[in-house]
Protein chains: 2
Amino acid sequence: MSDAKRPKDQLKAHIRAQNQTLILETSERVFARQGLAKTTTQMIADEAGLPKANVHYYYRSKKDLLEAVLERILEMWLHSVSEFNVEEGPKRNLTRYISEKIDQSRDNKNASKVFAMALIGEEPFVLDYLRRLFVSELSREKATIETWVNEELMDPVPVEHLFISIWAMTQTYADFDAQVRIMLQKECLGESDYDEAKVFITRMVLAGCGVKELL
Amino acid sequence: MSDAKRPKDQLKAHIRAQNQTLILETSERVFARQGLAKTTTQMIADEAGLPKANVHYYYRSKKDLLEAVLERILEMWLHSVSEFNVEEGPKRNLTRYISEKIDQSRDNKNASKVFAMALIGEEPFVLDYLRRLFVSELSREKATIETWVNEELMDPVPVEHLFISIWAMTQTYADFDAQVRIMLQKECLGESDYDEAKVFITRMVLAGCGVKELL
DNA sequence: GTCTATAGGGAGATAGAC
DNA sequence: GTCTATCTCCCTATAGAC
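Computed from a predicted structure; not experimentally measured.

Scoring rules and cut-offs
Residues numbered from 1 in each chain as written. Chains lettered and ligands numbered in written order. Predicted model: local features only at pLDDT ≥ 70, side-chain atom pairs only at ≥ 80, totals over all residues. Heavy atoms only, no water. UniProt positions renumbered as here; feature names shortened; annotations may be inferred. Helix = DSSP H or I, 4+ residues; strand = E, 2+ residues; numbered from the N terminus. 1 Å grid on protein atoms, 1.4 Å probe; cavity = no way out; pocket = protein on both sides within 12 Å on 5 of 7 lines; lining within 4 Å. Points joined across faces, edges and corners; volume = space filled by probe spheres on them. Nonpolar A, V, L, I, M, F, W, Y, C, P; charged D, E, K, R; others polar. Salt bridge = Lys/Arg side-chain N within 4 Å of Asp/Glu carboxyl O. Buried < 20%, exposed > 50% of the residue type's maximum accessible area, 1.4 Å probe, protein only. Domains from an automatic or database assignment. Contact = heavy atoms within 4.5 Å. Buried area = accessible area lost by both parts, 1.4 Å probe. Polar contact = N/O pair within 3.5 Å; in protein donor to acceptor, adjacent residues only side chain to side chain.

Is there a simple way to explain the UniProt feature "domain: HTH tetR-type" (unreviewed entry) in chain A in this structure?
As recorded in UniProt, the feature "domain: HTH tetR-type" (unreviewed entry) lies at residues 17-77 of chain A. Summarising residues 17-77 of chain A: 80% helix, 0% strand, and an end-to-end C-alpha distance of 21 Å.

Right, here's the structure in full:
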């Protein structure tokens, strides 16, 4: 085994990475549109412009493929939402958090739907992931909020329920967008709809938490 | 054709009604547990203690069966949540509405999950139903809220977004209960968890809507 | 790495005896 | 109305030539 890769190997690795990305991006779209169980590897192959056997070459089974898609989504999420910054206080942090979550609903609707489908179906892969990462994530945010409560910048709140509510309110614009479109009587949502959602959700959360700070 | 039914017909009608109810109740449970596409008519038949052919005798196709299940869920929902009563004012009405929605999440978890699965999968049957009934329902509630706003019992609110948020927050305890259980670190939710949810959601909604009234 | 052809396994649905 | 046996179709996954 030599440390320096030969050009041939580099080319192969490049092709591999390119095809895997193509397959994962296509899968996310098809899974979101068709549902996890209804999606066939043939549909994914067709939409990616590949023969079905190639999809199975890169991902041995449909289950492996779904898990790769979910892992990609969960990684992306962890890195796309800012963590709380205790010095900035609750108002700025909660406002930014809600805004970023709504942006996610708008910009990564397919990823959000696939995640929701996997969660509602209680896919073990997703539950394990949440158990490993979400709980520790939440305990950090809980500590930050308790600091703010002690500084009397906001009222005491049930932190778990607060996050459950924020996630529910923001994700619903992606996961159940069909229902949202019917209620707003629009063919598809515009920038102003997402802005109104941000403003109203922020208003409820800040008022409900009794955020005192003016700025 | 005689107007008076013969005993034989009554018996047949009774057997029919009984079997249909058994099949629908079983289906709701299995659909919720397995997902709509993964559920097989064989699973439903086994769990109902019937041969598969009997399921197909009462519901020609799996699609017909799912639609019958969904219709039953939607009918139940329409009759289980109180309408707004304008004289009672926003505080009592919103508090009761949220409480009833959380009770639904707790008591009809399977129904809620099946509905969520159908909605996220954009089943045409569900979308049509929502288009026909939800929009008119919402416009009545919108009028009531505008009355309260004019009487200065609460601040002006974007009514559509308010209902989207309330539904999202309350339904999430049924639809994504796996996530909720992980966050609360409990094997299953107890009465106190649902009560805390009710109190906190109500607090956010009343504060966010600037409900003035004290009682 | 790519692709055709096919094995192997179920699922939905129904025929037809009881 | 009930139930067994079966038809038909299509999906996942792989073998094997290129």
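What is the right way to read empty space enclosed by the protein from this model?
One way to see where empty space is left: roll a probe the size of a water molecule over the atoms. The final tally for this structure, using the stated rule, is one cavity of 30 Å³ or more. Approximately 30 Å³ is the volume attributed to the largest cavity. Around the largest cavity, the lining residues are Thr172(A), Gln179(A), Val180(A), Met183(A), Ile164(B), Trp167(B) and Ala168(B). Its residues assigned to classes, the lining of the largest cavity shows five nonpolar, two polar and no charged.

Is there a simple way to think about the pattern of salt bridges in this case?
Two side chains carrying opposite charge are able to pair once their charged atoms lie near each other. Inspection of the entire model under this criterion finds 42 salt bridges over all chains. Residue Asp107(A) pairs with Arg106(A) through a salt bridge whose shortest N-O separation is 2.9 Å. A salt bridge links Glu25(B) to Arg72(B), with the shortest nitrogen-to-oxygen separation between them at 3.6 Å. With Glu25(B) in helix α1 (residues 7-34) and Arg72(B) in helix α4 (residues 62-80), this pair connects stretches of sequence that are 47 residues apart. Assessed through its relative accessible area of 31%, Arg72(B) is described here as partly exposed. Salt bridges linked by common partners bring Asp103(A), Arg106(A), Asp107(A), Glu191(A) and Lys198(A) together as one network.

Help me understand the domain arrangement of chain A, please; the structure alone is not making it clear to me.
Reports often express the size of an interface as the amount of accessible area lost when the parts come together. All names here are of chain A. The domain architecture assigned to chain A consists of domain 1 (7-60) and domain 2 (71-208). One C-alpha centre belongs to domain 1, the other to domain 2, and the line joining them spans 30 Å. Counting from both sides, the interface comprises eight residues of domain 1 and, opposite them, nine residues of domain 2. Buried surface at the junction of domain 1 and domain 2, both sides included, amounts to about 730 Å², of which 67% is carbon and sulfur. Three residues stand out in domain 1 for area buried against domain 2, namely Glu28, Ala32 and Leu36, and they jointly supply 69% of the buried area on that side. Counting across the interface, domain 1 meets domain 2 through two salt bridges. One can count zero residue pairs in polar contact (both at pLDDT 80 or more) joining domain 1 with domain 2. Here the residues of the side of domain 1 that touches domain 2 sort into four nonpolar, one polar and three charged.

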